[in-house]
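Commentary on secondary and tertiary structure
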Amino acid sequence: MINTNTLPKIYIALPVINELENIPTFLNDLKAQTYQNFELYVCVNQPDNWWEDPVKTTVCIDNQKTIELLKEQDFFINIIDKSTKGNAWTGKQSGVGWARKVLMDTINNIADKAGIIISLDADTRFNSQYFESIINTFVDNPKAVAIANPYYHKLTDDDAANRAILRYEIYMRHYSINLFRINCPYNFTALGSAMALPVWAYRKIGGITPMKSGEDFYFLQKLTKTGQVVNYNKEKVYPAARFSDRVFFGTGPAMIKGRSGDWNSYPIYYFSLFDAIKRTYELLPSLFYDDIELPMSAFLSEQFNDDKWWVALRNNFKTERHFVKACCEKIDGLRILQYLKANQALTGKTDEECLIDFFDNYLFVDAIASRGGTTKQYNKNKVEKDCFTSFAMTKELCENELNIDFDSFNFDKATTTQLNDIRDLLCAIEEEFQHNKYKL
């Protein structure tokens, strides 16, 4: 155990629905923590009308058993009962977004501003030093407004689930790596089970906005606009890979769609689209002085329904620095994702071609050598080169290590082992970017 006398208290925000089988393991992970200065807040929830629905009654009963189990523990747990008949959600108030809001608002009302909120899910595993690592990361980064913690889905004996989560992780990690290499400020992986933030930061942004899906994405985007979101930590979290339709988009729904072969909502975006975003950000200082064309101009004009959307910002922000900041807040993570989705089909590339072309241009030695990538120098302007250099290899070596013929590679025909090896390679590259950015 470490000395917690001078360190902040941790407040765990845990939404729960139909998780009776996972709660005991979750509680064991809590009890094993080396950092024990924490309080657990649990919102057991479901819509009230589920009590009248024969299909959903089993969930209501599962929730009631969960509440009883939580009450039997040998340490105090703050239970917010949004499950018992008459107490459960009504109207528009329902779902994990509202559960996280109720939890975090409750914590905000009682916690000191220095306290740390950790958002978790009941099916997420974490090692005994996870809480300690969160505290240490905030100690190292006292101005940070949040941590978007690294994650990793462990495989199970369900091959269909394994293939689906691996394909989804390849999408997410490829997306993140490309945002890193263009130095995008909105590079975070939004997982509700992998977020932490100080109470003062929660108050600064006015709390979390409840949504049926994606509340974690909008929450982290809101935080990014106010300060630094750290995306490196020594400890990962390990969310469960399971088919779930509790939310409209995210891991569970992606796996369900992917199981049927539909990955249209989660493509491997072509690397040149990220280059267009990068160039747009680089031209923003010039836009302060002149009405110039940006690579994203047509898209942004359509999104904002204004061909001169920057004029109002130029009038309101009288310095280049403040103007650029305002533009970056307007061209935020949502706009970036929308731009990628709007333009992906225009590339005419399959997901396989996009992945292989990315490797060709950033991982294989010929491409790295052409950019002069020969040494590691932890310099802000050379992060892209250094991170890829660490994993430089010939195409032949990569094919041998992954046991893949890239010329005939197909996601549907690839083995689970091949998909896992690609996931792990991208995970390692992403970790290098995370660590290098953390050290700057």
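Residues numbered from 1 in each chain as written. Predicted model: local features only at pLDDT ≥ 70, side-chain atom pairs only at ≥ 80, totals over all residues. Heavy atoms only, no water.

Attention now goes to the packing of helix α5 (residues 159–181) against helix α9 (residues 271–289). At a closest axis distance of 9 Å, the pairing of α5 and α9 adopts a crossing angle of 35°. Judged by the sense of rotation from one axis to the other, the crossing of α5 with α9 is right-handed. In this structure, α5 uses His 174, Tyr 175, Asn 178, Leu 179 and Arg 181 to contact α9, whose residues at the interface are Phe 271, Phe 274, Asp 275 and Lys 278. Split into classes, the residues belonging to the contact of α5 with α9 amount to four nonpolar, two polar and three charged. (Axes fitted to C-alpha atoms, helices over the stretch in contact; angles between N-to-C directions. Helix = DSSP H or I, 4+ residues; strand = E, 2+ residues; numbered from the N terminus. Left-handed = near helix turned anticlockwise from the far one by under 90°. Contact = heavy atoms within 4.5 Å. Nonpolar A, V, L, I, M, F, W, Y, C, P; charged D, E, K, R; others polar.)

Glancing now at the environment of Tyr 202. With respect to the element layout, Tyr 202 can be found in helix α6 (residues 199–204). Residue Tyr 202 is classed as buried on the basis of its relative accessible area of 2%. Sequence-wise, Tyr 202 and Ile 356 are 154 residues apart; in three dimensions their C-alpha atoms are separated by 41 Å. Ignoring any residue separated from it by four or fewer positions in sequence, one finds Tyr 202 in contact with Lys 101, Met 104, Asp 105, Asn 108, Ile 117, Leu 197, Gly 207, Ile 208 and Phe 219. Side-chain polar atoms of Tyr 202 contact the side chain of Asp 105, separated by 2.6 Å. (Buried < 20%, exposed > 50% of the residue type's maximum accessible area, 1.4 Å probe, protein only. Polar contact = N/O pair within 3.5 Å; in protein donor to acceptor, adjacent residues only side chain to side chain.)

This paragraph deals with the pattern of salt bridges. Within the structure shown, the criterion is met by 21 salt bridges. Among the salt bridges present, the one from Glu 52 reaches Lys 85, with a minimum N-O distance of 2.7 Å. Of this pair, Glu 52 sits in the loop between β2 (38–45) and α2 (57–71) while Lys 85 sits in the loop between β3 (77–82) and α3 (96–110), and the two are 33 residues apart along the sequence. The salt bridge involving Lys 395 is made with Asp 407; its shortest N-O contact spans 3.4 Å. Pair noted here: Lys 395 is in helix α17 (residues 395–402) and Asp 407 is in the loop between α17 and α18 (416–439), with a separation of 12 residues, a long-range link. (Salt bridge = Lys/Arg side-chain N within 4 Å of Asp/Glu carboxyl O.)

By themselves, these figures tell us nothing about what the structure is for.
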